[in-house]
Amino acid sequence: MTTTPPLLDIRNLSVSFDTYQGQARVLDKASLSVRHGEIMGLVGETSCGKSVLSRSILRIIPSPPGRIDGGEIFFEGQDLLKLPRTAMRKLRGERISMIFQEPMSSLNPVFSVGNQMREVVRSHRPVSRGEANAICLEMLSSVRLPDPESVLAAYPHELSGGMRQRVMIAMALTCRPALLLADEPTTALDVTVQGQILAILAELAASQGLSILFVTHDMGVVAQLCHRVAVMYAGQVVEVADVESLFARPAHPYTQGLIASIPGRTTGGELYAIPGSVPSCLAPPPGCRFHTRCTHAGPDCSRAVPEMVRVASDHSVACHLCPTGGAL
Ligand SMILES: Nc1ncnc2c1ncn2[C@@H]1O[C@H](COP(=O)(O)OP(=O)(O)OP(=O)(O)O)[C@@H](O)[C@H]1O
Ligand code: SF4
Ligand SMILES: [Mg+2]
């Protein structure tokens, strides 16, 4: 049986930042993949490296102080870390697009939405102004913005936060990319608008075969939207599973803690919180980076880094407690 290779395959990606306190290894041999047409969640507490990982894919880590130390990022069969700058520039927006938490940081307040959207279209495709306009209207309709004509004529500040995020999604999709990197795109929105944006993303993935890497710290959003999930802790990917297995049988103690912390998961009493705090990337704990907070930690945990092992067909974990189904 032949298996289709994933659209995106990140292998052992390591990234460091030079800081006044020393070198911080913020990603340490992180690996994950995104398959064709799937929504892959990337979760973990603040500062665990989610944004650095997603920006590394587009090679937009500020450098200096950032540096990719090693690893591979295969996309459509080629290692992005080896692509010449010009090829990488062409790929951004065309094959891989990104949306961020705050759309205003990507929209220019002094130009109308139409002006900015047409610019994006025409920077990638040899089309007339009228054709670019038609593409923009089609994209705005695809994110269910009512009255796309008025949205094109509007300036960003004239739109609500939810409308601006839809404009960003429409802009990101104008060239019909294969992969959308979505870094906390709904965190700043109220729950109702968040639900609408998630529904649009799910529909786009299903109808256009779009793959999405959805970065969030919200396990509820993961459960609602994603097909598979990668859990990060202190710069490492510690568990990857299909969403049903992750919630039904979380294998890593950190994932178990994240799930137990979801409001409504524990019956009565106080909301569960994982004890302690995320360690500094300047001097991460040896062995398993989670051992300083793990209630199951044994003597091996501070000595040896746990290997990622397969515990079920679509479920891998890096924890000494997990029975080895075979190293990956
Ligand atoms: N430009 C930078 N210079 C120095 N350190 C940085 C820089 N950007 C990120 N880092 C560090 O890299 C680590 C990972 O940051 P990252 O932004 O990827 O976290 P995150 O998981 O996205 O967190 P959040 O949920 O808060 O968005 C953090 O320790 C952060 O301080
Ligand atoms: S390896 Fe040890 S410290 Fe790390 S999560 Fe597993 S039991 Fe806990
Ligand atoms: Mg982030």
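Everything here concerns the structure above.
Residues numbered from 1 in each chain as written. Chains lettered and ligands numbered in written order. Predicted model: local features only at pLDDT ≥ 70, side-chain atom pairs only at ≥ 80, totals over all residues. Heavy atoms only, no water.

Novice: What is the right way to read the side chain of R164 from this model?
Specialist: As for its placement among the helices and strands, R164 is situated in helix α6 (residues 161-172). No salt bridge is formed by the buried R164. Its closest oppositely charged neighbour is E102, at 4.7 Å. Setting aside chain neighbours within four positions, we find R164 in contact with P103, M104, L107, P156, H157 and L159. (Helix = DSSP H or I, 4+ residues; strand = E, 2+ residues; numbered from the N terminus. Buried < 20%, exposed > 50% of the residue type's maximum accessible area, 1.4 Å probe, protein only. Lys, Arg positive; Asp, Glu negative; His and termini not counted. Salt bridge = Lys/Arg side-chain N within 4 Å of Asp/Glu carboxyl O. Contact = heavy atoms within 4.5 Å.)

Novice: What is the right way to read the packing of α6 against helix α7 (residues 191-208) from this model?
Specialist: Each pair of packed helices gets described by two things: the angle between the helix axes and the distance between those axes. Remark: α6 packs on α7, axes separated minimally by 10 Å, with the N-to-C direction vectors making an angle of 15 degrees. It follows that α6 is roughly parallel to α7 by the angle criterion. Seen along the crossing, α6 lies across α7 with a hand that is right-handed. Contacts from G162, Q165, R166 and I169 of α6 reach α7 at V193, Q196, I197, I200, L201 and L204. For the contact of α6 with α7, a count of residues per class yields 6 nonpolar, 3 polar and 1 charged. (Axes fitted to C-alpha atoms, helices over the stretch in contact; angles between N-to-C directions. Parallel < 35°, antiparallel > 145°, perpendicular 65-115°, else oblique. Left-handed = near helix turned anticlockwise from the far one by under 90°. Nonpolar A, V, L, I, M, F, W, Y, C, P; charged D, E, K, R; others polar.)

Novice: I tried to follow the pairing of strand β3 (residues 39-43) on my own but got confused; where do I start?
Specialist: The side chains of a regular strand alternate, first on one face of the sheet and then on the other. By the criterion of burial, β3 is predominantly enclosed, with 5 of the 5 residues buried. Alternating residues of β3 divide into I39, G41 and V43 and M40 and L42, and every residue in both groups is buried. Across 4 bridges, the pairing between β3 and strand β9 (residues 228-233) is parallel. The residue bridging G41 from the neighbouring strand is V229, located in β9. (Pairing = 2+ DSSP bridges.)

Novice: Honestly, the sheet that holds strand β5 (residues 78-79) in this entry has me stumped. Any pointers?
Specialist: Strand-to-strand pairing in sheets goes through backbone hydrogen bonds, with the strands running parallel or antiparallel. One open sheet accounts for 4 strands, arranged β2-β1-β4-β5; its pairing is antiparallel. Lying at the two open borders of the sheet, with one neighbouring strand each, are β2 (22-34) and β5. As judged from the 8 bridges shared by strand β1 (residues 8-19) and strand β4 (residues 66-75), these two strands associate in the antiparallel manner. Looking at β4, one finds that F17 is bridged to G66. Where helix α1 (residues 50-58) meets the sheet, its contacts fall on β1, β2 and β4, and the angle it forms with β1 comes to roughly 110 degrees.

Novice: What's the story with the site of ligand 1 in this structure? I'm lost.
Specialist: Not every one of the 14 residues close to ligand 1 is listed here, only the nearest: T46, S47, K50, S51 and V52. A distance of 3.1 Å separates an oxygen atom of ligand 1 from a polar atom in the backbone of G49. Within the complex, the protein chains bury 66% of what would otherwise be the 640 Å² of accessible surface of ligand 1. Of the residues forming the shell around ligand 1, the biggest block, 3 residues, is contributed by α1. Grouping the amino acids of the shell around ligand 1 by side-chain chemistry returns 7 nonpolar, 4 polar and 3 charged. (Near = heavy atom within 4 Å. Polar contact = N/O pair within 3.5 Å; in protein donor to acceptor, adjacent residues only side chain to side chain. Areas by Shrake-Rupley, 256 points an atom, 1.4 Å probe, with all protein chains shown as cover.)

Novice: I'm lost on unusual backbone geometry in this one. Help?
Specialist: Most of the time, phi is negative for any residue but glycine, and the peptide bond is trans. With an omega of -5 degrees, the peptide bond between S63 and P64 qualifies as cis. A cis amide bond links P64 to the next residue, P65, at an omega of 15 degrees. With respect to the helices, strands and loops of the structure, P65 is situated in the loop between α1 and β4. Phi is positive for N12, close to 50 degrees, though the residue is something other than glycine. With respect to the helices and strands, N12 occurs in strand β1.

Novice: How do you make sense of the packing of helix α3 (residues 113-124) against α6 when you look at a structure like this?
Specialist: Orientation of α3 relative to α6, taken along the N-to-C sense of each, is 20 degrees, at an axis distance of 10 Å. As judged from the angle between their axes, α3 and α6 are roughly parallel. The interaxial crossing formed by α3 with α6 has right-handed handedness. Contacts between α3 and α6 pair V113, Q116, M117 and V120 from the former with V167, A170 and M171 from the latter. The residue inventory of the contact of α3 with α6, partitioned by class, reads 6 nonpolar, 1 polar and no charged.

Novice: Could you clarify how one ought to interpret the pattern of salt bridges in this entry?
Specialist: Pairing between side chains of opposite charge can happen when the charged atoms of each approach one another. One pass over the structure, following the stated rule, counts 15 salt bridges. Here R228 ties to E38 by a salt bridge, and the two come within 2.8 Å at their closest N and O atoms. Separated by 190 residues along the polypeptide, R228 in strand β9 and E38 in the loop between β2 and β3 bring together distant segments of the chain. Neither R228 nor E38 differs from the other in exposure class; each is buried. Between D79 and K82 there is a salt bridge whose closest N-O contact spans 3.6 Å. Its relative accessible area of 8% is what places D79 among the buried residues. Taken together, the shared-partner salt bridges in this structure form one network comprising D18, R25, D28, R67, D69 and R289.

Novice: When you look at the packing of aromatic side chains in this model, what are you seeing that I'm missing?
Specialist: By convention here, two paired aromatic rings are described through the distance between centres and the angle between planes. Applying the stated rule across the entire model yields 3 aromatic pairs. With a centroid separation of 5.3 Å and an interplanar angle of 65 degrees, the aromatic rings of Y254 and F290 are classed as edge-to-face. One end of the pair, Y254, is in helix α10 (residues 253-260); the other, F290, is in the loop between α10 and β11 (309-312), and 36 residues separate them in sequence. Classification of F290 as buried rests on a relative accessible area of 4%. (Phe/Tyr/Trp six-rings, centres within 6.5 Å; stacked < 30°, edge-to-face > 60°.)

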